[in-house]
Amino acid sequence: AVFTVLIRISMFVAYPSQALGMAAATLAGHAIGAGALEAASDWARTAVKIAMLLSALLGIPFWIFPQEVLIAFTGNQHLASAAAVPLRLLGLSTALFSAAFVLVPLIIGTGGAERARRVNGMVQLVILLPLVVVLGPVLKLGFLAIWSAQIGARILAAWLLWRTWRTWSKSG
């Protein structure tokens, strides 16, 4: 139940970033079509900056008032107590991984679907899944370790997607 609530809250924060990514894809695609590769990169940078700022602002209540936020989402005090530390981690990291939520639709929308799929697949299947197996069933480190690994994987994906976008947008 804790994981489900945390994922729903993280998606709540991700929606504005995804919308910015779709808008940036339209604007960057137009710029690429016009041969203005630098303008396309500018749209990407602007969208990522806005998403990071907005996500940081949305994340502030998660690390300052995690119990209250969780009670508002669930109405369950026990669940709020169990999920408070993971929600704080989410609140502190949301600005960093919001870039991935911008860059996936941006890369897909400008013709790089295969590139975005490869990056996300590699992070999820090659890095996160084996790490979660080791942290959970093998080392028995518990939910917080697995949640931290998932946040780390999102941040890594954001960084790799940014590098992918920079390469992709320069090649036209």
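What you see is a predicted model, and the numbers here were worked out from it, not measured in a lab.

Colleague: Can you break down the side chain of Ser17 residue by residue, with the values?
Modeller: Here Ser17 lies in helix α1 (residues 2-33). Taking relative accessible area as the criterion, Ser17 reaches 1% and is therefore assigned buried. If we ignore the near neighbours within four places in the chain, the residues touching Ser17 are Ala51, Ser55, Ser98, Phe101 and Val102.

Colleague: Give a description of helix α5 (residues 113-138) that names residues and reports values.
Modeller: Spanning 26 residues, α5 covers 35 Å between terminal C-alpha atoms, matching the ideal 38 Å at 1.5 Å per step. Roughly 35 degrees is the biggest bend found in α5, and it falls at Leu128, with proline Pro130 one to four residues downstream. Taken residue by residue, α5 has Ala116, Val119, Val123, Leu128, Leu135 and Gly136 as its buried positions. At its buried positions, α5 is contacted by α4 (77-109) and α6 (143-171). Two residues or fewer past α5, Lys140 is found with a positive phi of approximately 55 degrees.

Colleague: Tell me about the packing of α5 against α6, and name the residues and values.
Modeller: Closest axis-to-axis distance for the α5/α6 pair is 9 Å, and the angle between their directions is 160 degrees. If you check the angle between α5 and α6, you find them roughly antiparallel. Between α5 and α6 lies a crossing of right-handed hand. Counted together, Arg115, Ala116, Val119, Asn120, Met122, Val123, Ile127, Leu128, Leu131, Val132, Leu135 and Gly136 of α5 and Ala145, Ile146, Ala149, Gln150, Ala153, Leu156, Ala157, Leu160, Leu161, Thr164, Thr167 and Trp168 of α6 form the full contact between these two elements. Grouping the constituent residues of the contact of α5 with α6 by class yields 18 nonpolar, 5 polar and 1 charged.

What counts and how
All chains use their own residue numbering, which begins from 1 and follows the written sequence. Local features in a predicted model are, by the rule used here, given only for residues with pLDDT of at least 70; side-chain atom pairs are given and counted only at 80 or more, and totals for whole chains, interfaces and linings are based on all residues. Side-chain calculation: all heavy atoms of the structure are included, whereas hydrogens and water are not. Think of it this way: any DSSP run of H or I at least four residues long counts as a helix, any run of E at least two long counts as a strand, and we number them from the N terminus. Only protein chains enter the accessibility calculation, which uses a 1.4 Å probe; a residue whose area is less than 20% of its type maximum is buried, one above 50% is exposed, and one in between is partly exposed. Pairs of residues are marked as contacts when any of their non-hydrogen atoms sit within 4.5 Å. Helices are assigned an expected span. That span is 1.5 Å times one less than the residue count. Axes are fitted to the seven residues ending at a residue and to the seven starting at it; the angle between these axes is taken as the bend at that residue. In this description, a line fitted to the C-alpha atoms serves as the axis of each element, helices being fitted only across the stretch in contact, and the angle between N-to-C directions of two axes falls anywhere from 0 to 180 degrees. Each angle is binned into one of four classes, with values under 35 degrees roughly parallel, values over 145 roughly antiparallel, values of 65 to 115 roughly perpendicular, and all other values oblique. Left-handed is the label given to a crossing in which the near helix is rotated counterclockwise from the far helix by less than a right angle, and right-handed is the label when the rotation is clockwise. Gly counts as polar in this scheme, as do all residues outside two lists: the nonpolar Ala, Val, Leu, Ile, Met, Phe, Trp, Tyr, Cys and Pro, and the charged Asp, Glu, Lys and Arg.

Everything listed is a geometric property; what it means functionally is a separate question.
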